[in-house]
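# A structural walkthrough
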Amino acid sequence: MGDVQTFWKGFVLLCKIKVSLSPLCSQGLFGVPELSGPAGFQMAQHQALREAEFLVHKACTHPPGAVTVETFDQLSDSLCRVADLADFIKVAHPDAAFREAAERTCVEIGTLVEILNTNVDLCQSLKNLLGNEAVLATLDSDTRRVAELFMFDFEISGIHLDESKRSKAVALNVKLLDLYHEFLNGSQLPNAIDKQVLPEHIRHCFSIDGNRVQIGGLHADSPNDLVREAAYKIFLYPNTSLLLCLDELLACRHELATLVGYESFSHRALKGTMAKTPETVMKFLKLLTEKLSDRTSRDFKMMKEMKKKTHTTNPEVMPWDHAYLSSAIRTEMFNIDPSIYSPYFSLGACMEGLNRLFMQLLGVYFQAEQPKMGELWSEDVRKLAVVHETEGLLGYIYCDFFRRPDKPHQDCHFTIRGGRLREDGVYQLPVVVLMLSLPPPSGRTPSLLTPSMVENLFHEMGHAMHSMLGRTHYQHVTGTRCSTDFAEVPSILMEYFASDYRVLSQFARHYQTGEIFYAALDQVYHGKPQYRSTTDILREVQEKFYGLPYVHDTAWQLRFSHLVGYGAKYYSYLMSRAVASMVWRQCFLQDPFSRVMGERYRREMLAHGGSKEPVLMVQGMLQKTPTIEDFVDALVLDLNANVKSPVL
């Protein structure tokens, strides 16, 4: 493994200097030759379309067998290698021309996928396989499951409909791509008001552009009550066109779901998950709400008392208060400001902690890689090779860790290329990007992380390890390409390691019941049509599941960008946390460095991606099949074990 400490000092140094690259080594983004300029996306797209045409013909003409599934997977891989890369570049590249070209490619590839999902001849080739018992008997379990998953994609796209309805399903899906783009863009735009509207003594807290004040966030951590209130009311002020976009998006999803035979979009979205049905999700959320009601009441009382100490004119706890008051309560209870921990959490120290942890648990370590000219989209991105002590190179992680202008302020894991066993017998190595919003180093000061930043770093690295350690035969089910309510388990499990004093250092962490409200709202929006405004629905669900009053003339739902990527599946964070909590307590609490448990974790959970039913993976890890009540009890136990942290 080499000298780990020397390596990570080198990593920190690399974070402080610009990368020096030789033009002789020049190539495109991620080493894709075509992507040396924005126009390359069209070339890559055309190449993928040509490959797709060939593979569709092969699938439709070859006799049924394992080669049918392999051809489908090659088709999926050919399109995903372009679409997934474009999906990242459209949000992260600093050059607008690259972002726009990537966005066009996403739409083109997305449209083709919807057309292929209603291709009768292509579907028939899969039916010929799944309907042939003699051939099925020759397939291994992973191949059979992947075949079933491809058939599931056909079914939820309406393959069973007549030609006119199939065409309508394609049109609805294509329309949704445009609506997703419109809603996501709108949800991230700041709101602006005349600066004269705000009291002069708080204007400096916001971005000022001429006579207008730009408010692009909630400023939830501000110690100034008026700043928090102003930001909340202005940032969440309803945008009429975006409200109409959300209405159209939800209506379009419902129309698509009913067209292909489902009761609601929730029923369609949840069919392949651990929860299976929206009824199960709501049972989970309601049971959790009931079991937490007493604790929530106590925490609201604590917040009200804290509000009295800091604000004498309005002691009532308002929605813009809970994040600040929660932090204030923790600071008072622990008698220490969490920011004091930052000097102990330099990025280099945290990466070294991760490196040591993965080596002890899984026999995996990182090596810095020198990128070639044109491979990166920003000079502060770093490339890591992930290496196993006996298996060798597992894949690559591009670390896009630091804040920069026009970069989204969100922490994400992006799959750029999925792992799979190629037809030549060579394993296609996975490639991912971890995108964070960390403070860059300056002068002699390294990048210093707050406890929450450390937790986010560990969380996203959990996704990356899921991608790296899966060695699935098929790209369609590699790494995080699994059910949404299982995909978050490895990342949330890493948060437990991040909070364990034996791994890094002990610091406060808390569980937020606000997640229950978000999950419930998501389910109601994607259930049967309510025939009332999304704001009226939000007001009712907030009163039922949250406890804080709705504020007139606000539309929080327009900032809920997860409605696009996690439509009807936002509960996944809670369910995944329940699973992660059970895995932590049963398998790692006694010894967070246990190699035996680390190997079981890889064998039972990480290795399979989506090639195995998620419930079976959880069962293999825990050696029992958990119930909804077990999930709820795990979350309540998790909360009670951290009694000093408020629920909200």
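Each value, and the rule that gives it
Here, residues in each chain are numbered from 1, in the same order as that chain's written sequence. This being a predicted model, a pLDDT of at least 70 is required before a residue's local features are given, and a value of 80 or more before pairs of side-chain atoms are given or counted; all residues contribute to the totals for chains, interfaces and linings. Hydrogens and water molecules were not included; the side-chain quantities draw on all heavy atoms of the structure. UniProt positions are given in the numbering used here, feature names are shortened, and annotations may be inferred rather than shown by experiment. The secondary structure listing takes helices from DSSP runs of H or I that are at least 4 residues long and strands from runs of E that are at least 2 residues long, numbered from the N terminus. Based on C-alpha atoms, the radius of gyration is set beside the globule rule, defined as 2.2 Å times the residue count to the power 0.38. Partly exposed describes any residue whose relative accessible area lies between the buried limit of under 20% and the exposed limit of over 50%, with all areas from a 1.4 Å probe on protein chains only and scaled to the type maximum. Here, residues are in contact when the closest pair of their heavy atoms is within 4.5 Å. Using the Shrake-Rupley algorithm and a 1.4 Å probe, accessible areas are obtained, with residue cover drawn only from the displayed protein chains. Only four residue types enter the charge count, namely Lys and Arg as positive and Asp and Glu as negative; His and the chain termini do not. One atom stands in for each charge, and that atom is NZ of Lys, CZ of Arg, CG of Asp or CD of Glu. Where a domain begins and ends is set by an automatic assignment or by a domain database. Accessible area that two parts lose when put together, with a 1.4 Å probe and added across both, is what the buried area reports. For this document, the term salt bridge refers to a Lys or Arg side-chain nitrogen within 4 Å of an Asp or Glu carboxyl oxygen. With axes taken as lines fitted to C-alpha atoms, and helix axes fitted only over the stretch in contact, angles between N-to-C directions fall between 0 and 180 degrees. Angle categories: roughly parallel below 35 degrees, roughly antiparallel above 145, roughly perpendicular from 65 to 115, and oblique for all the rest. How sure the predictor is of each residue is captured by pLDDT, a score from 0 to 100. Strands are labelled as partners when DSSP assigns at least two bridges between them. One less than the residue count of a helix, multiplied by 1.5 Å, gives the span that helix is expected to have. When the near helix sits turned anticlockwise from the far one by under a right angle, the crossing is termed left-handed; a clockwise turn instead gives a right-handed crossing. For a residue, the bend is simply the angle between two axes, fitted respectively to the seven-residue segment ending there and the seven-residue segment starting there. As used in this structure description, the phrase polar contact means that two N or O atoms lie within 3.5 Å; if the pair is within protein, one of them must be able to donate a hydrogen and the other to accept it, and residues adjacent in sequence are counted only when both atoms belong to side chains. Only buried residues count toward a nonpolar core. Its members are Ala, Val, Leu, Ile, Met, Phe, Trp, Tyr and Cys residues joined through side-chain atoms within 4.5 Å.

Within an unreviewed UniProt entry, the label attached to the protein reads Mitochondrial intermediate peptidase-like, and the organism entered is Sinocyclocheilus rhinocerous. Within the UniProt record for the protein, the comment given under Sequence similarities (unreviewed entry) is "Belongs to the peptidase M3 family." Under Subcellular location (unreviewed entry), UniProt gives the following word-for-word description of the protein: "Mitochondrion".

Turning next to the overall build of the protein. Of regular secondary structure, the protein possesses 24 helices and 10 strands. Here the C-alpha radius of gyration of the protein, 25 Å, is about what a compact globule of 648 residues would show, namely 26 Å. Summarising its shape, the C-alpha atoms of the protein cover approximately 80 × 65 × 55 Å along the three principal directions. Across the 648 residues of the protein, 56% fall into the buried class. Once local pairs closer than 6 in sequence are excluded, the contacts in the protein between residues at least 24 apart make up 73%. A total accessible area of about 27600 Å² is found for the protein, and carbon and sulfur atoms account for 52% of it. Taking the 66 positively charged and 76 negatively charged side chains of the protein as two groups, their mean positions are separated by 3 Å.

Splitting the protein by domain gives domain 1 (28–160), domain 2 (342–500 + 562–642) and domain 3 (502–549). Between the C-alpha centres of domain 1 and domain 2 there is a distance of 25 Å. Facing 27 residues of domain 1, the contacting portion of domain 2 comprises 31 residues. Both sides together, the interface formed by domain 1 and domain 2 hides about 2500 Å², and carbon and sulfur atoms give 57% of it. By the criterion of area lost to domain 2, the three top residues of domain 1 are F30, F88 and R145, representing 25% of everything that side buries. The tally of links from domain 1 across to domain 2 stands at three salt bridges.

With that out of the way, let us pick up the packing of helix α14 (residues 347–362) against helix α22 (residues 595–604). Contact geometry of α14 with α22 gives a least axis separation of 7 Å together with a crossing angle of 85°. By the criterion of interaxial angle, the relationship of α14 to α22 is roughly perpendicular. Between α14 and α22, the residues in contact are M359, Q360, L361 and L362 and R595, G598, E599 and R602, respectively.

What follows is about the confidence of the model for the protein. Residues shown with low pLDDT carry predicted positions that ought not to be read at fine detail. Chain-level pLDDT for the protein is 87 on average; 91% of the residues reach the 70-or-more range. Contacts of residues 12–25 to residues separated by more than four positions or lying in other chains number 27 contacts, the stretch itself having pLDDT below 50. Scored below 50 in pLDDT, residues 643–648 shows 32 contacts in the model against residues more than four places distant or in partner chains.

As a further point, take the sheet that holds strand β1 (residues 191–194). Strand order in the open sheet formed by three strands is β1-β3-β2, with antiparallel pairing between adjacent strands. With one partner strand each, in any of the chains shown, β1 and β2 (207–209) form the two edges of the open sheet. Strand-to-strand twist across the sheet, computed as the mean angle between neighbouring axes with direction ignored, equals 35°. Note: β1 against strand β3 (residues 212–215), four bridges, orientation antiparallel. Bridge pairing in β3 places D194 opposite R212. Where helix α9 (residues 225–235) meets the sheet, its contacts fall on β1 and β3, and the angle it forms with β3 comes to roughly 85°.

This part is about helix α15 (residues 451–469). Taking 1.5 Å per residue, 19 residues should reach 27 Å; α15 reaches 27 Å between its end C-alpha atoms and fits that length. In terms of burial, α15 is a largely internal element, 17 of the 19 residues being buried.

It is the contact of helix α2 (residues 40–61) with helix α4 (residues 96–116), at a shortest axis distance of 10 Å, that shows an interaxial angle of 15°. Between α2 and α4, the interaxial angle falls into the category roughly parallel. Between α2 and α4 lies a crossing whose hand is right-handed. Here α2 contributes F41, Q45, L49, A52 and V56 to the contact with α4, which in turn contributes F98, A101, A102, T105, E108, I109, L112 and L116.

Turning next to helix α12 (residues 278–310). Taking 1.5 Å of rise per residue, 33 residues should cover 48 Å, yet α12 covers just 42 Å from first to last C-alpha, more than 12% shy of that figure. Considering bend angle alone, the principal kink of α12 is centred on S293 and spans about 50°.

This next bit is on the environment of T111. For T111, the position within the fold is in helix α4. Once the C-alpha coordinates of T111 and R81 are considered, the two residues, 30 residues apart in sequence, prove to be 16 Å apart. Those residues within four positions of T111 in sequence are excluded, and the remaining contacts are V174 and L177. Looking at T111, its side chain comes within polar contact range of the main-chain oxygen of V107, at 2.8 Å.

This next bit is on the nonpolar core. Grouped together as the largest cluster of nonpolar side chains are 150 residues, with contacts concentrated most on I397, F401, M461, M465, F497 and F588. Counting only domains with at least three residues in this core, you end up with domain 2 (342–500 + 562–642) and domain 3 (502–549). Each residue touching I397, except ones within four places of it in the same chain, is listed here: F366, R382, K383, L384, V386, V432, L434, M461, A464, M465 and M468. Counting 59 residues, the second largest nonpolar core, distinct from the first, contains L35, A92, L126 and V477.

Under the feature "domain: Peptidase M3A/M3B catalytic" (unreviewed entry), the UniProt entry names residues 219–515 and 516–635. Measuring from the first to the last C-alpha atom of residues 516–635 gives 12 Å, for a span that is 58% helix and 0% strand.

Turning our attention to the side chain of T554. Tracing the sequence through the fold places T554 in the loop between α19 (534–545) and α20 (562–565). The exposure class assigned to T554 is buried, which follows from its relative accessible area of 2%. When near neighbours in sequence (up to four residues on either side) are disregarded, T554 contacts Y232, K233, L236, P238 and T535.

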